[in-house]
Protein chains: 2
Amino acid sequence: MLPYKTLIPLDRQSATLLSTQIANTLIRLIRQGILAANTKLPGSRAMAGLLDIHRKTVIAAFDELTAQGWLVQRPAQGTFVSSELPEVAPRQLREQPAPAGLAVKTGYAFRIREQLALPVLKNTDKLMFDDGFPDVRLAPTEQLARNYRSVLRRSFQQRLLGYADTNGDLFFRQQLARYLHDSRGIPAAPEHIFTTRGSVMAIYLLARILLQPDDVVVVGKPNYRSANLIFAERGARLIQLPVDAHGLDVDALEEQCRQQPVRMVFVTPHHHHPTTVTLSAERRIRLLQLAEHYGFVVLEDDYDYDFHYAGSPILPLASADAAGMVVYIGSFTKSIAPAFRVGYVVAPPNLIEALGYYRRIIDRQGDTVLEQAIAEMLAGDDIQRHLKKARKIYHQRRDTFCELLRERLGDAVSFTVPDGGLAVWTRFDDSIDLSTLAAGCLKQGLIIGNGRFYQPDEPVVHHTRLGFASSTPEEMERGTRIIQKVLATLVP
Amino acid sequence: MLPYKTLIPLDRQSATLLSTQIANTLIRLIRQGILAANTKLPGSRAMAGLLDIHRKTVIAAFDELTAQGWLVQRPAQGTFVSSELPEVAPRQLREQPAPAGLAVKTGYAFRIREQLALPVLKNTDKLMFDDGFPDVRLAPTEQLARNYRSVLRRSFQQRLLGYADTNGDLFFRQQLARYLHDSRGIPAAPEHIFTTRGSVMAIYLLARILLQPDDVVVVGKPNYRSANLIFAERGARLIQLPVDAHGLDVDALEEQCRQQPVRMVFVTPHHHHPTTVTLSAERRIRLLQLAEHYGFVVLEDDYDYDFHYAGSPILPLASADAAGMVVYIGSFTKSIAPAFRVGYVVAPPNLIEALGYYRRIIDRQGDTVLEQAIAEMLAGDDIQRHLKKARKIYHQRRDTFCELLRERLGDAVSFTVPDGGLAVWTRFDDSIDLSTLAAGCLKQGLIIGNGRFYQPDEPVVHHTRLGFASSTPEEMERGTRIIQKVLATLVP
């Protein structure tokens, strides 16, 4: 007889009924071929004795398995594994003991576009000059948690906890409309707003809806890498145009428009990713005019509008778009914290409707509870207050960081002090290999990017982005000292 | 002189600096052509008087706009709108006042696959026999809110609030691995688990990674509609095979496999959506054998494993998959509430890695805080306890509902009592037009589906799904009485 006591471990603390545990285990044993077809099982009394449980529990399990067709009960003979089950053919299944784990590799092949296979930057508790992350230690988490709980407390309505509006919670969209109007002059109504998980989802959905394979998409060179990945995955043809001190070269864009139909222009006017340059007012207007004239979509990703230090930020393109050419993207990733995944698209209602249809098949709906919690923070001007405070701190950190870079790294690095944003676009001296530098820093406990992420196609990379917002002055001191130290070892 | 007092409204309660408000408004006026190139502005003193503010505030705004190139200050002449701005050409922009709102329609055309343009079922506070939603009034929200807050309280680490692991929080994956093992015999380790927002995102990602256009995907007829939409959007060829009382017809599947390469078979074995049928143990084993033999992927969407009333549920296919042919999908949508969007994929690590690469471009990461809050509920067996309670309640509701259907609707409706799940698959008498019935019920305050959603291609629809889990016995009483009443008006 098989060692049933060992084969059928029971967990008396589990919420799962004992009879269910027995039945589940027997099924697995049958599937694995350990209990072959026509095997006779011990009688219910004997089995109960073996497992030290009540006989009724065994009978319940046997009855259930009989009903399901795994076992047959032959009168006066006993209980058997059904013979009508097909042979569990593969030999290895039968000879092996119960698999300790799942397969380590799929039993079939598949391919993923090579360029998607990228390492992803994560926050850590280590010292890091990142891509331009906000300092989550400043985030108003206590208040958010309070709101979250209070939303849940009065959310006995099905509406809030159930399947909800794919376009986003209405109260959130109302508050966001007010906020967008007051903070950046965009005259949006709730029906112009679509809620996403963040700007990446927004760009993805828009690429799926607005682009067809081989459509021309114009971007800066360099450009926000995730956007490039999304457009390439859609099968679009990427045209990369120069970015100078005033942003995307609109003359070059007009030239392109004359040569071939351009379907979309992707811009991060405020501030360009990764170089941090602000698109000038003049070029913004030209861009709008070109869009109207040539009929292309302007995709305006305004990911760090809130952080501008050189006086007043320039209003977004969307604020002056009467012709419906601009699709505006924003998110709370930088203004609260990346963990709270709420972003949005502002666009004419016919596009909002299409976004809802497509979003339905990639992510049924957003997080209604979180959206309501954030909406309450918008309604009470709490986010506005938080941003005012954060902007002041980041402004100081920018100044401190730029000073440290100049003092400590001297001629080894050059950069323009950014008017806004959370990072500095640095250029290291030609003699310095950025990968070696980054590796050296990592050994000393500082994480920095080697710049390759931003310029995947350049033969040699001299630029990288160094984020300052998430580091305190003391952390910047330590970090820049590490770069200084590693640089000293690199210079011959 | 222009009416600056009216053109530049100031909000003294706003968190935005007054100088910023002035600058933003002036930019908008310039963009809209209300302030044309070379227009002379009032002096700072005059403007301050007009707007009733301090002169320094006006100077700050003018200086900022000068720095940005919107204005020029000519010594001894005053401040002018820059002449180097291009003419804001389109006439309608100049003649119109400030646009009161954004465009109502995009300035360009686009198309979306027609079949995606579907109405989406939502929870409401109205009486509804839905698609099989859980009763969110039973959800352990108080505890979830407590956990959420406590996670946030001790989350001063960058790790939790910042950019996180695209594959999902490690603690969550550890607890989920234990839960999957204990509750359904799947020997998953954390590296076999990928966290999503729910099963829809899981299916979408898998379709993108595993399918190529024209790949053959076998599904039941009828089938979970969202899955069909996703496969069609991917360009796959859908083969719909019959579903009988034991689930998908595996003989027909084998026949298909002999005729052409099948890339994927999508199943909801436990219980089939929408018919609620359980895939028999025998067919599960045959399906695994066919997968190994013909090399197709089995996509097992186990969306309602937790709710089985006819004794022990049959273990998932994934529990017996030694060859890496099965991809398993689950979610907490039904087991907690749809608002808490956490789902998962269980698969070999090479596929998990690819899922991470692709997810990065549709939704950077999940909700780490929510994942941790749920992980704590798994660790404390709280979800298990909740499920035990909910299962008991839903079991009773199923019985009550089936009894009411029989009693009240008699011969007008036929159905098999489902072994599990949250809905009954009903067939109404041929003489009844389901759309008329649904419309009549809606007028009386009851929402039911007309069945078209589940059988989009059938010329006439007689089946629909009636969810019972989200209604109390009293609500079922009222609801079935409404159906009864409306039916009486339909019978000639």
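S.K.: Pulling in residues and values, what's your account of the overall build of chain A?
M.R.: Of regular secondary structure, chain A possesses 17 helices and 15 strands. Referenced to the eigenvectors of the C-alpha coordinate spread, the extents of chain A come out at roughly 95 × 60 × 50 Å. Within chain A, contacts between residues separated by at least 24 positions form 71% of all contacts whose residues are at least 6 apart in sequence. Of the accessible surface of chain A, which amounts to about 18500 Å², a share of 51% is contributed by carbon and sulfur atoms.

S.K.: Help me get a handle on the packing of helix 16 (residues 434-443) of chain A against helix 17 (residues 473-490) of chain A, residues and values and all.
M.R.: Residues and elements named next belong to chain A. Following both chains from N to C, one finds helix 16 and helix 17 inclined at 125 degrees, their axes separated by 9 Å at the closest point. Between helix 16 and helix 17, the crossing angle belongs to the class labelled oblique. Between helix 16 and helix 17 the crossing geometry is right-handed. Residues Thr436, Leu437, Gly440 and Cys441 of helix 16 lie in contact with helix 17, whose contacting residues are Ile482, Ile483, Val486, Leu487 and Leu490. For the contact of helix 16 with helix 17, a count of residues per class yields seven nonpolar, two polar and no charged.

S.K.: Can you tell me about the pattern of salt bridges, naming the residues and giving the values?
M.R.: Residues and elements named next belong to chain A. Under the criterion given, the structure shown has 50 salt bridges over all chains. Residue Glu254 is joined to Arg286 by a salt bridge in which the shortest nitrogen-to-oxygen separation is 2.8 Å. Residue Glu254 is found in helix 11 (residues 250-259), and its partner Arg286 is found in helix 12 (residues 281-294); the two are separated by 32 residues along the sequence. Classification of Arg286 as buried rests on a relative accessible area of 18%. A salt bridge links Glu477 to Arg408, with the shortest nitrogen-to-oxygen separation between them at 2.7 Å.

S.K.: Give me the lowdown on the confidence of the model for chain A, citing residues and values where you can.
M.R.: Residues and elements named next belong to chain A. Overall, the prediction assigns chain A a mean pLDDT of 89, with 94% of residues at 70 or greater. Note that residues 86-98 has pLDDT below 50 and, in this model, 20 contacts with residues that lie over four places away or in other chains. For this predicted complex, the interface score ipTM comes out at 0.82, while the overall pTM is 0.83.

S.K.: Please set out the sheet that holds strand 8 (residues 264-267) of chain A residue by residue, giving values where relevant.
M.R.: Residues and elements named next belong to chain A. Strand order in the open sheet formed by eight strands is 4-11-10-9-8-5-6-7, with mixed pairing between adjacent strands. Strand pairing shows two members of the sheet lacking a second neighbour, strand 4 (193-196) and strand 7 (247-248), which therefore form its edges. Direction of pairing for strand 8 relative to strand 9 (residues 297-301): parallel, over a ladder of four bridges. Residue Phe266 lies in a different strand from strand 9, and its bridge partner there is Leu299. The strands touched by helix 11 are strand 5 (216-221), strand 6 (237-244), strand 7 and strand 8; relative to strand 6, the strand with the most contacts, the crossing angle is about 150 degrees.

S.K.: Which residues make up the nonpolar core, and what values do they have?
M.R.: By size, the foremost hydrophobic cluster in this structure holds 270 residues, and its most contacted members are Phe231 and Phe332 of chain A together with Phe231 and Phe332 of chain B. Residues contacting Phe231 of chain B, with those up to four places away along its chain left out, are Ile203, Ala207, Leu211, Val217, Val219, Ala236, Leu238, Met264, Phe266 and Leu299 of chain B.

S.K.: Before we move on, can you summarise the pairing of strand 13 (residues 423-428) of chain A with the specific residues and values?
M.R.: Residues and elements named next belong to chain A. For strand 13, a buried count of five out of six residues is recorded, marking the element as mostly surrounded by other parts of the structure. Across three bridges, the pairing between strand 12 (residues 413-415) and strand 13 is antiparallel. If you follow Ser414 over to strand 13, its bridge partner there is Arg427. Where strand 13 and strand 15 (residues 463-467) come together, five bridges link them in antiparallel fashion. Note on strand 15: the bridge partner recorded for Val424 is Leu466.

S.K.: Could you give an account of the side chain of Arg173 of chain A, naming the residues involved and the relevant values?
M.R.: Residue and element names in this part refer to chain A. Along the chain, Arg173 falls in helix 8 (residues 170-184). Polar contacts involving the side chain of Arg173 include one to the main-chain carbonyl oxygen of Gly168, which spans 3.1 Å. If sequence neighbours within four positions are ignored, Arg173 has contacts with Asp165, Asn167, Gly168, Pro190, Ile193 and Thr195.

S.K.: Outline the pairing of strand 2 (residues 78-81) of chain B, supporting the account with residue identities and numerical values.
M.R.: Remark: a regular strand shows side chains that alternate across the two faces of the sheet. Residues and elements named next belong to chain B. The pairing of strand 1 (residues 71-74) with strand 2 spans four bridges and is antiparallel. Its bridge partner lying in strand 2, Arg74 is registered against Gly78. Taking the residues between adjacent antiparallel strands as the criterion, strand 1 and strand 2 are bridged by three residues, where Ala76 takes a positive phi near 65 degrees.

S.K.: I'd love a proper account of the environment of Asp430 of chain B, names of residues and values included.
M.R.: All names here are of chain B. Examined against the element boundaries, Asp430 turns out to sit in the loop between strand 13 (423-428) and helix 16 (434-443). Residues Asp430 and His463, 33 residues apart in the sequence, show an inter-C-alpha distance of 10.0 Å. A distance of 3.5 Å separates the side chain of Asp430 from the side chain of His462, its partner in a polar contact.

S.K.: Give a description of the interface of chain A and chain B that names residues and reports values.
M.R.: Chain A puts 139 residues into the contact, and the matching count from chain B is 140 residues. Summed over both sides, the interface of chain A with chain B buries roughly 12400 Å², with 60% coming from carbon and sulfur. In this assembly, chain A and chain B are joined by four salt bridges. Across the pair Arg149 of chain B and Glu142 of chain A runs a salt bridge, and its minimum N-O distance is 3.0 Å. There are 23 residue pairs in polar contact (both at pLDDT 80 or more) connecting chain A and chain B. With nine residues, the single largest contributor to the side of chain A that touches chain B is helix 13 (residues 349-362) of chain A. Residue classes in the side of chain A that touches chain B are distributed as 76 nonpolar, 29 polar and 34 charged.

S.K.: So what's going on with the packing of aromatic side chains? Which residues, and what values?
M.R.: The tally for this structure, following the rule as stated, stands at 24 aromatic pairs over all chains. Ring geometry for Phe129 of chain B versus Phe401 of chain B: centroids 4.9 Å apart, planes at 70 degrees, classification edge-to-face. In this pair, Phe129 of chain B sits in strand 3 (residues 127-129) while Phe401 of chain B sits in helix 15 (residues 382-409), placing the two residues 272 residues apart along the sequence. Aromatic side chains Phe231 of chain B and Phe266 of chain B sit 5.8 Å apart centroid to centroid with 70 degrees between the ring planes, which places their arrangement in the edge-to-face category. In this pair, Phe231 of chain B is assigned in helix 10 (residues 225-234) and Phe266 of chain B in strand 8 (residues 264-267), connecting sequence segments 35 residues apart. The class of Phe231 of chain B is buried, set by a relative accessible area of 0%. These aromatic residues form a ring-pair network of at least three members: Phe172, Tyr179, Phe332 and Tyr344 of chain A. Its end group placed over the ring of Phe80 of chain A, Arg74 of chain A keeps NZ or CZ at 4.3 Å from the ring centre. A cation over an aromatic ring shows up here: Arg225 of chain A above the ring of Phe453 of chain A, its NZ or CZ 5.4 Å from the ring centre.

Calculation criteria
- Residues numbered from 1 in each chain as written.
- Chains lettered and ligands numbered in written order.
- Predicted model: local features only at pLDDT ≥ 70, side-chain atom pairs only at ≥ 80, totals over all residues.
- Heavy atoms only, no water.
- Helix = DSSP H or I, 4+ residues; strand = E, 2+ residues; numbered from the N terminus.
- Contact = heavy atoms within 4.5 Å.
- Areas by Shrake-Rupley, 256 points an atom, 1.4 Å probe, with all protein chains shown as cover.
- Axes fitted to C-alpha atoms, helices over the stretch in contact; angles between N-to-C directions.
- Parallel < 35°, antiparallel > 145°, perpendicular 65-115°, else oblique.
- Left-handed = near helix turned anticlockwise from the far one by under 90°.
- Nonpolar A, V, L, I, M, F, W, Y, C, P; charged D, E, K, R; others polar.
- Salt bridge = Lys/Arg side-chain N within 4 Å of Asp/Glu carboxyl O.
- Buried < 20%, exposed > 50% of the residue type's maximum accessible area, 1.4 Å probe, protein only.
- pLDDT = per-residue confidence, 0-100.
- Pairing = 2+ DSSP bridges.
- Core = buried A, V, L, I, M, F, W, Y, C linked by side-chain atoms within 4.5 Å.
- Polar contact = N/O pair within 3.5 Å; in protein donor to acceptor, adjacent residues only side chain to side chain.
- Buried area = accessible area lost by both parts, 1.4 Å probe.
- Phe/Tyr/Trp six-rings, centres within 6.5 Å; stacked < 30°, edge-to-face > 60°.
- Lys NZ or Arg CZ within 6 Å of the ring centre and 35° of its normal.

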